[in-house]
Amino acid sequence: MSDGISIRDGKIYLPHALVDTYFRNIDAVIVLIQQGELMVMPVHQATSGGSLLKVRNAAGDRVVQARDVFQDQDMLGYKVGNLPVMWQSEKGALCAQLD
């Protein structure tokens with residue numbers, strides 16, 4: 001278990017510790033929501049697409065815009081702070097339960 005993430009307005013806020021552990025040298029991620037589970041997967045090749053991991057502050061925290069993903073799930077108003085996340089190797093993703 002790691003530090004949690006925050007979600008609001010279709011954006012996912014990732015603290016530096018998580019970024020450094022799971023997304024070091026990664027500029028983009030793929031965000032999916034399936035069966036109430038949020039999955040944030042690193043994109044290792046820039047040509048593969050994904051959403052940019054934007055630098056949020058000098059501490060190295062990042063934010064990813066996933067408004068379309070939350071909107072598709074009718075969850076655009078979803079808001080949570082310090083949501084527990086866990087790396088799941090079999091999915092190759094940082095995962096969190098949203099329900």
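Model, not experiment: these values are computed from the prediction. (Residues numbered from 1 in each chain as written. Predicted model: local features only at pLDDT ≥ 70, side-chain atom pairs only at ≥ 80, totals over all residues. Heavy atoms only, no water.)

**Points about the side chain of E37**
Our working definition: Comment: elements are numbered from the N terminus, with helices defined as DSSP H or I runs of at least four residues and strands as E runs of at least two. Counting of polar contacts relies on pairs of N or O atoms within 3.5 Å, with two restrictions inside protein: one atom must be capable of donating a hydrogen and the other of accepting it, and residues adjacent in sequence are counted only when both atoms are side-chain atoms. Only heavy atoms matter for contacts: two residues are in contact if any of them lie within 4.5 Å across the pair.
Along the polypeptide, E37 turns up in strand 4 (residues 37–43). Reaching out from E37, the side chain makes a polar contact with the side chain of Q88 at a distance of 3.4 Å. Setting aside its immediate chain neighbours within four residues, E37 contacts L32, Q88, K91, C95, A96 and Q97.

**Observations regarding the nonpolar core**
Short version of the rule: Nonpolar cores were defined as sets of buried Ala, Val, Leu, Ile, Met, Phe, Trp, Tyr and Cys residues, with membership established by side-chain atoms within 4.5 Å. For each residue, the accessible area found with a 1.4 Å probe, counting protein chains only, is set against the maximum for its type, and the residue is called buried under 20%, exposed over 50%, and partly exposed in between.
Of all hydrophobic cores here, the largest spans 25 residues; its most connected members are I12, L38 and F70. Counting residues per element, this core draws most heavily on strand 3 (residues 28–34), which supplies three residues. Ignoring any residue separated from it by four or fewer positions in sequence, one finds L38 in contact with I5, I7, I12, V31, L32, I33, F70, L94, C95, A96 and L98.

**Section: a positive patch on the surface**
Put simply, the rule reads: Two joining distances apply to patches: 9 Å for like charges and 5 Å for nonpolar side chains (Val, Leu, Ile, Met, Phe, Trp, Tyr), and every residue must have over 30% relative accessible area and no salt bridge. Areas reported here follow the Shrake-Rupley algorithm with a probe of radius 1.4 Å; residue values treat only the protein chains shown as occluding. Whenever Lys or Arg places a side-chain nitrogen within 4 Å of a carboxyl oxygen from Asp or Glu, that contact is recorded as a salt bridge. His is not counted, nor are the chain ends; Lys and Arg add positive charge and Asp and Glu add negative charge. By convention, charge coordinates are those of NZ in Lys, CZ in Arg, CG in Asp, or CD in Glu.
Taken together, the side chains of R8, K11, K54, R56, R67 and K79 present a region of like positive charge at the surface. Structurally, R8 can be placed in strand 1 (residues 5–8). Assessed through its relative accessible area of 31%, R8 is described here as partly exposed.

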